[in-house]
Amino acid sequence: MNKRYLFVNNWKMNLSFNETIEFATNNYDRLVELATKTEQKIILCPSTESIYPLAQIFKETPISIGAQTVSRHTHGAFTGQVAPQSLQEIGCTHCIIGHSETKKEFTENDKCIAQKCVHLLDYDITPIICIGETEQENKSEKTLGVLESQLAPLLNALNTKTTVRPYLEPCIAYEPIWSIGTGNTPNIAHLDTIFTWLTEHIGKHAPNISWKLLYGGSINPESISLIKKISKIDGFLVGGAGLDFQKIEKIVK
Ligand code: 13P
(Lines give C-alpha, C1' and ligand atoms only; values in the text may rest on other atoms or scores of the structure.)
Protein backbone atom coordinates (compact mmCIF):
# COMPACT_ATOMS: atom_id res chain seq x y z
CA MET A 1 0.00 0.00 0.00
CA ASN A 2 1.19 3.51 -0.83
CA LYS A 3 2.17 5.74 2.06
CA ARG A 4 -0.48 8.37 2.84
CA TYR A 5 1.36 11.68 2.72
CA LEU A 6 0.06 15.11 3.66
CA PHE A 7 0.36 17.77 0.97
CA VAL A 8 -0.10 21.18 2.56
CA ASN A 9 -0.41 23.95 -0.01
CA ASN A 10 0.55 27.27 1.55
CA TRP A 11 -0.84 29.87 -0.84
CA LYS A 12 0.66 32.72 1.21
CA MET A 13 -0.78 36.08 -0.04
CA ASN A 14 -0.42 35.13 -3.69
CA LEU A 15 -4.12 34.97 -4.59
CA SER A 16 -6.77 37.60 -3.96
CA PHE A 17 -10.17 36.57 -2.59
CA ASN A 18 -11.71 36.33 -6.06
CA GLU A 19 -8.69 34.51 -7.47
CA THR A 20 -8.83 31.98 -4.63
CA ILE A 21 -12.49 31.17 -5.28
CA GLU A 22 -11.77 30.98 -9.00
CA PHE A 23 -8.89 28.54 -8.45
CA ALA A 24 -11.04 26.39 -6.16
CA THR A 25 -14.05 26.26 -8.46
CA ASN A 26 -12.03 25.78 -11.67
CA ASN A 27 -10.06 22.91 -10.12
CA TYR A 28 -12.74 21.46 -7.82
CA ASP A 29 -13.38 18.25 -9.75
CA ARG A 30 -9.70 17.59 -10.43
CA LEU A 31 -8.62 18.24 -6.83
CA VAL A 32 -11.34 16.03 -5.35
CA GLU A 33 -10.60 13.27 -7.85
CA LEU A 34 -6.86 13.49 -7.17
CA ALA A 35 -7.34 13.22 -3.40
CA THR A 36 -9.90 10.43 -3.75
CA LYS A 37 -8.02 8.31 -6.28
CA THR A 38 -4.58 8.62 -4.72
CA GLU A 39 -5.90 8.54 -1.11
CA GLN A 40 -3.39 11.25 -0.26
CA LYS A 41 -4.27 14.06 2.13
CA ILE A 42 -4.49 17.44 0.39
CA ILE A 43 -4.80 20.60 2.47
CA LEU A 44 -5.30 24.08 0.96
CA CYS A 45 -4.20 27.07 3.04
CA PRO A 46 -5.56 30.32 1.59
CA SER A 47 -5.50 33.77 3.21
CA THR A 48 -7.80 34.06 6.21
CA GLU A 49 -10.70 35.77 4.39
CA SER A 50 -10.98 32.87 1.94
CA ILE A 51 -11.07 30.04 4.49
CA TYR A 52 -14.85 30.08 5.00
CA PRO A 53 -15.89 30.01 1.33
CA LEU A 54 -13.27 27.37 0.55
CA ALA A 55 -14.42 25.22 3.46
CA GLN A 56 -17.96 25.48 2.07
CA ILE A 57 -16.87 24.61 -1.45
CA PHE A 58 -14.93 21.53 -0.31
CA LYS A 59 -17.42 20.45 2.37
CA GLU A 60 -17.83 16.68 2.48
CA THR A 61 -14.85 16.10 0.18
CA PRO A 62 -11.42 14.73 1.20
CA ILE A 63 -9.87 18.21 0.74
CA SER A 64 -9.15 20.06 4.01
CA ILE A 65 -8.73 23.78 4.54
CA GLY A 66 -6.04 25.32 6.71
CA ALA A 67 -5.04 28.78 7.93
CA GLN A 68 -1.66 30.48 7.60
CA THR A 69 -1.61 31.97 11.10
CA VAL A 70 -3.65 32.49 14.26
CA SER A 71 -3.57 34.75 17.30
CA ARG A 72 -1.70 33.54 20.37
CA HIS A 73 -4.69 34.74 22.42
CA THR A 74 -8.11 33.13 22.57
CA HIS A 75 -10.35 36.21 23.10
CA GLY A 76 -10.13 39.89 23.91
CA ALA A 77 -8.82 43.27 22.85
CA PHE A 78 -6.32 42.18 20.20
CA THR A 79 -6.88 44.34 17.15
CA GLY A 80 -6.25 42.64 13.84
CA GLN A 81 -5.94 39.13 15.26
CA VAL A 82 -7.87 35.98 14.36
CA ALA A 83 -8.99 33.71 17.19
CA PRO A 84 -8.55 29.93 17.04
CA GLN A 85 -12.23 29.49 17.90
CA SER A 86 -13.25 31.53 14.84
CA LEU A 87 -10.98 29.41 12.64
CA GLN A 88 -12.64 26.29 13.96
CA GLU A 89 -16.13 27.74 13.43
CA ILE A 90 -15.46 28.60 9.77
CA GLY A 91 -14.30 25.10 8.92
CA CYS A 92 -10.53 25.35 9.29
CA THR A 93 -8.97 22.03 10.32
CA HIS A 94 -5.24 22.86 10.11
CA CYS A 95 -3.13 25.94 10.82
CA ILE A 96 0.44 26.81 9.89
CA ILE A 97 2.31 28.57 12.69
CA GLY A 98 5.85 29.87 12.99
CA HIS A 99 6.43 30.25 9.26
CA SER A 100 9.68 32.18 8.72
CA GLU A 101 7.77 34.80 6.69
CA THR A 102 5.33 35.35 9.59
CA LYS A 103 8.21 35.50 12.06
CA LYS A 104 9.89 38.15 9.94
CA GLU A 105 6.79 40.34 9.52
CA PHE A 106 5.38 40.02 13.03
CA THR A 107 6.76 39.52 16.50
CA GLU A 108 6.21 35.79 16.63
CA ASN A 109 8.80 34.09 18.80
CA ASP A 110 9.16 30.44 19.80
CA LYS A 111 7.29 30.90 23.10
CA CYS A 112 4.39 32.54 21.30
CA ILE A 113 4.34 29.68 18.75
CA ALA A 114 4.05 27.21 21.63
CA GLN A 115 1.04 29.16 22.99
CA LYS A 116 -0.60 29.16 19.58
CA CYS A 117 -0.05 25.44 19.28
CA VAL A 118 -1.72 24.70 22.61
CA HIS A 119 -4.76 26.85 21.75
CA LEU A 120 -5.12 25.28 18.31
CA LEU A 121 -5.15 21.83 19.86
CA ASP A 122 -7.79 23.00 22.35
CA TYR A 123 -9.96 24.08 19.43
CA ASP A 124 -9.46 20.84 17.54
CA ILE A 125 -7.23 22.30 14.85
CA THR A 126 -4.08 20.47 13.75
CA PRO A 127 -1.05 22.76 14.12
CA ILE A 128 1.65 22.72 11.45
CA ILE A 129 4.68 24.16 13.22
CA CYS A 130 7.49 25.44 11.00
CA ILE A 131 11.10 25.29 12.08
CA GLY A 132 14.28 25.89 10.11
CA GLU A 133 17.65 27.56 9.95
CA THR A 134 19.04 30.45 7.90
CA GLU A 135 21.67 29.98 5.24
CA GLN A 136 24.30 31.40 7.57
CA GLU A 137 23.34 28.99 10.37
CA ASN A 138 23.41 26.13 7.91
CA LYS A 139 26.85 27.06 6.63
CA SER A 140 28.24 27.32 10.14
CA GLU A 141 26.73 23.91 11.01
CA LYS A 142 24.41 25.27 13.65
CA THR A 143 21.25 23.69 12.25
CA LEU A 144 20.55 21.12 14.97
CA GLY A 145 21.16 23.64 17.75
CA VAL A 146 18.79 26.12 16.08
CA LEU A 147 16.08 23.50 15.68
CA GLU A 148 16.52 22.36 19.27
CA SER A 149 16.03 25.87 20.63
CA GLN A 150 13.06 26.55 18.31
CA LEU A 151 11.39 23.35 19.54
CA ALA A 152 12.15 23.70 23.27
CA PRO A 153 9.16 25.91 24.34
CA LEU A 154 6.83 23.86 22.16
CA LEU A 155 7.87 20.47 23.51
CA ASN A 156 7.77 21.84 27.02
CA ALA A 157 4.24 23.24 26.57
CA LEU A 158 2.90 20.08 24.98
CA ASN A 159 4.48 17.82 27.53
CA THR A 160 2.60 19.54 30.32
CA LYS A 161 -0.60 19.35 28.30
CA THR A 162 -2.22 15.97 28.63
CA THR A 163 -5.20 16.39 26.34
CA VAL A 164 -3.74 16.24 22.83
CA ARG A 165 -6.44 14.29 21.04
CA PRO A 166 -4.68 11.46 19.21
CA TYR A 167 -6.43 12.09 15.89
CA LEU A 168 -4.99 15.62 15.67
CA GLU A 169 -1.38 14.51 15.09
CA PRO A 170 0.49 17.85 15.25
CA CYS A 171 2.91 18.38 12.35
CA ILE A 172 6.43 19.68 12.58
CA ALA A 173 7.53 21.11 9.25
CA TYR A 174 11.25 21.44 8.66
CA GLU A 175 11.57 24.39 6.28
CA PRO A 176 15.16 25.57 5.87
CA ILE A 177 14.83 29.31 5.23
CA TRP A 178 17.49 29.19 2.52
CA SER A 179 15.38 26.73 0.55
CA ILE A 180 12.10 28.71 0.51
CA GLY A 181 11.40 30.08 -2.95
CA THR A 182 14.99 29.58 -4.12
CA GLY A 183 14.84 26.28 -5.99
CA ASN A 184 17.58 24.91 -3.69
CA THR A 185 16.68 21.81 -1.72
CA PRO A 186 18.88 20.13 0.88
CA ASN A 187 20.73 17.01 -0.17
CA ILE A 188 19.64 13.58 1.01
CA ALA A 189 22.38 13.29 3.64
CA HIS A 190 21.31 16.60 5.22
CA LEU A 191 17.63 15.58 5.23
CA ASP A 192 18.46 12.18 6.65
CA THR A 193 20.42 13.75 9.51
CA ILE A 194 17.65 16.25 10.28
CA PHE A 195 14.74 13.82 10.18
CA THR A 196 16.57 11.14 12.14
CA TRP A 197 17.41 13.72 14.78
CA LEU A 198 13.85 15.12 14.82
CA THR A 199 12.34 11.65 15.27
CA GLU A 200 14.66 10.87 18.19
CA HIS A 201 14.39 14.32 19.77
CA ILE A 202 10.62 14.64 19.81
CA GLY A 203 10.27 10.95 20.69
CA LYS A 204 12.40 11.62 23.77
CA HIS A 205 10.82 14.95 24.81
CA ALA A 206 7.17 14.46 23.91
CA PRO A 207 6.79 10.67 23.75
CA ASN A 208 3.02 10.59 24.26
CA ILE A 209 2.19 12.58 21.16
CA SER A 210 1.76 11.13 17.71
CA TRP A 211 3.63 13.55 15.42
CA LYS A 212 3.85 13.98 11.68
CA LEU A 213 7.06 15.29 10.17
CA LEU A 214 6.87 17.45 7.04
CA TYR A 215 9.43 18.98 4.74
CA GLY A 216 8.97 22.37 3.05
CA GLY A 217 11.16 24.43 0.71
CA SER A 218 11.21 24.41 -3.11
CA ILE A 219 9.04 21.33 -3.45
CA ASN A 220 8.18 20.85 -7.11
CA PRO A 221 7.51 17.95 -9.48
CA GLU A 222 11.27 17.52 -9.98
CA SER A 223 12.51 17.71 -6.36
CA ILE A 224 9.77 15.63 -4.74
CA SER A 225 10.96 12.15 -5.75
CA LEU A 226 14.37 12.64 -4.17
CA ILE A 227 12.89 14.01 -0.95
CA LYS A 228 10.40 11.13 -0.77
CA LYS A 229 13.39 8.82 -0.33
CA ILE A 230 13.53 9.92 3.31
CA SER A 231 11.15 7.46 4.92
CA LYS A 232 10.68 9.55 8.08
CA ILE A 233 9.01 12.34 6.08
CA ASP A 234 5.19 12.16 6.34
CA GLY A 235 4.30 15.09 4.14
CA PHE A 236 5.22 18.31 2.40
CA LEU A 237 4.60 22.01 2.79
CA VAL A 238 4.36 23.37 -0.73
CA GLY A 239 4.59 27.07 -1.64
CA GLY A 240 4.88 28.28 -5.24
CA ALA A 241 4.13 24.94 -6.93
CA GLY A 242 0.82 24.69 -5.02
CA LEU A 243 -0.60 27.54 -7.11
CA ASP A 244 -0.67 25.42 -10.25
CA PHE A 245 -2.99 22.41 -10.40
CA GLN A 246 -0.78 20.54 -12.85
CA LYS A 247 2.18 20.83 -10.52
CA ILE A 248 0.06 19.78 -7.51
CA GLU A 249 -1.06 16.73 -9.48
CA LYS A 250 2.50 15.75 -10.41
CA ILE A 251 3.72 16.27 -6.86
CA VAL A 252 0.91 14.19 -5.33
CA LYS A 253 1.21 11.42 -7.91
P1 13P B 1 8.31 27.31 -1.86
O2 13P B 1 7.73 25.93 -2.10
O3 13P B 1 7.82 28.34 -2.82
O4 13P B 1 9.78 27.26 -1.72
O5 13P B 1 7.73 27.79 -0.42
C6 13P B 1 7.84 26.94 0.65
C7 13P B 1 7.06 27.48 1.77
O8 13P B 1 7.37 28.53 2.31
C9 13P B 1 5.87 26.73 2.19
O10 13P B 1 5.41 27.15 3.43
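This section reports on the structure supplied with the text. These numbers come from a predicted model, not from an experiment.

Definitions and limits used
- Numbers given to residues run from 1 along each chain, matching the order in which its sequence is written.
- Note on the predicted model: pLDDT of at least 70 is required for a residue's local features to be given, and 80 or more for side-chain atom pairs to be given and counted; whole-chain, interface and lining totals, by contrast, use all residues.
- To get the side-chain values, all heavy atoms of the structure are used, and hydrogens and water are removed first.
- As used here, the term nonpolar core means buried Ala, Val, Leu, Ile, Met, Phe, Trp, Tyr and Cys residues forming a set that is joined through side-chain atoms within 4.5 Å.
- Working definition: with a 1.4 Å probe on protein chains only, accessible area under 20% of the residue-type maximum means buried, over 50% means exposed, and in between means partly exposed.
- Contacts are assigned to residue pairs with any non-hydrogen atoms lying within 4.5 Å of each other.
- Put simply, DSSP marks the helices as runs of H or I at least four residues long and the strands as runs of E at least two long, and each gets a number from the N terminus on.
- Working definition: the arc comes from the directions between the helix axis and the C-beta atoms, pointing outward to the latter.
- Interaxial angles span 0 to 180 degrees and are taken between N-to-C directions of axes, which are lines fitted to C-alpha atoms, for helices over the stretch in contact.
- What sets the label is the angle itself: under 35 degrees gives roughly parallel, over 145 gives roughly antiparallel, 65 to 115 gives roughly perpendicular, and the rest give oblique.
- Should the near helix be turned anticlockwise from the far one by less than a right angle, the crossing is left-handed, and should it be turned clockwise, the crossing is right-handed.
- All residues other than Ala, Val, Leu, Ile, Met, Phe, Trp, Tyr, Cys, Pro, Asp, Glu, Lys and Arg, Gly among them, are scored as polar; the first ten of these are nonpolar and the last four charged.
- Method remark: on a 1 Å grid restricted to protein atoms, a set of points is classed as a cavity if a 1.4 Å probe fits but cannot get out and as a pocket if it is open with protein on both sides within 12 Å along at least five of seven lines; lining residues have an atom within 4 Å of a point.
- Grid points are joined across faces, edges and corners, and a volume is the space filled by probe spheres set on the points.

### Some details on the nonpolar core
Phase 1 of the analysis: Core analysis: the largest hydrophobic core is formed by 65 residues, its most contacted members being Phe 195, Leu 198 and Trp 211.
Phase 2 of the analysis: Each residue touching Leu 198, except ones within four places of it in the same chain, is listed here: Ile 131, Leu 151, Ile 172, Tyr 174, Gly 203 and Leu 213.
Phase 3 of the analysis: Counting residues in each nonpolar core, the second largest holds 11 residues, with Val 8, Cys 45, Ile 128 and Cys 130 among its members.

### Details of helix H11 (residues 245-252)
Side chains that are three or four residues apart share a direction in an α-helix, a result of its 3.6 residues per turn.
Phase 1 of the analysis: Every buried residue belonging to H11 is among Phe 245, Ile 248, Ile 251 and Val 252, and all of these are buried. Each buried residue of H11 lies within a common arc of 125° when the element is viewed along its axis, so the set occupies one face.
Phase 2 of the analysis: Tucked inside the fold, the buried residues of H11 contact strand E1 (6-10), helix H1 (17-26), helix H2 (28-38), strand E2 (41-45), helix H10 (224-227) and strand E8 (235-238).

### Considerations on the environment of Ile 233
Phase 1 of the analysis: In this fold, Ile 233 is placed in the loop between H10 and E8.
Phase 2 of the analysis: The sequence separation of Ile 233 and Lys 212 amounts to 21 residues, and the corresponding C-alpha distance is 7.8 Å.
Phase 3 of the analysis: Those residues within four positions of Ile 233 in sequence are excluded, and the remaining contacts are Lys 3, Tyr 5, Phe 195, Leu 213, Tyr 215 and Ile 227.

### A short note on the packing of helix H8 (residues 143-159) against helix H9 (residues 188-205)
Two quantities define a packed helix pair, namely the angle between the helix axes and the distance between the axes.
Phase 1 of the analysis: The contact between H8 and H9 brings their axes to 11 Å, and the two run at 25°. Taken together, the axes of H8 and H9 are roughly parallel relative to one another. Relative to H9, H8 is oriented so that their crossing is right-handed. Counted together, Thr 143, Leu 144, Leu 147, Glu 148, Leu 151, Leu 155 and Asn 159 of H8 and His 190, Ile 194, Trp 197, Leu 198, His 201, Ile 202 and His 205 of H9 form the full contact between these two elements.
Phase 2 of the analysis: Across the contact of H8 with H9, the residue classes tally to eight nonpolar, five polar and one charged.

### Side note on empty space enclosed by the protein
Phase 1 of the analysis: A complete count under the given rule lists one cavity of 30 Å³ or more for this structure.
Phase 2 of the analysis: If you go around the largest cavity, the residues you meet are Lys 103, Asp 110, Ile 113, Ile 129, Cys 130, Ile 131, Gln 150, Leu 151 and Leu 154.
Phase 3 of the analysis: Those elements that provide at least two residues to the lining of the largest cavity are helix H6 (110-122), strand E5 (126-131) and H8.
Phase 4 of the analysis: When the residues that make up the lining of the largest cavity are grouped by side-chain class, the tally is six nonpolar, one polar and two charged.

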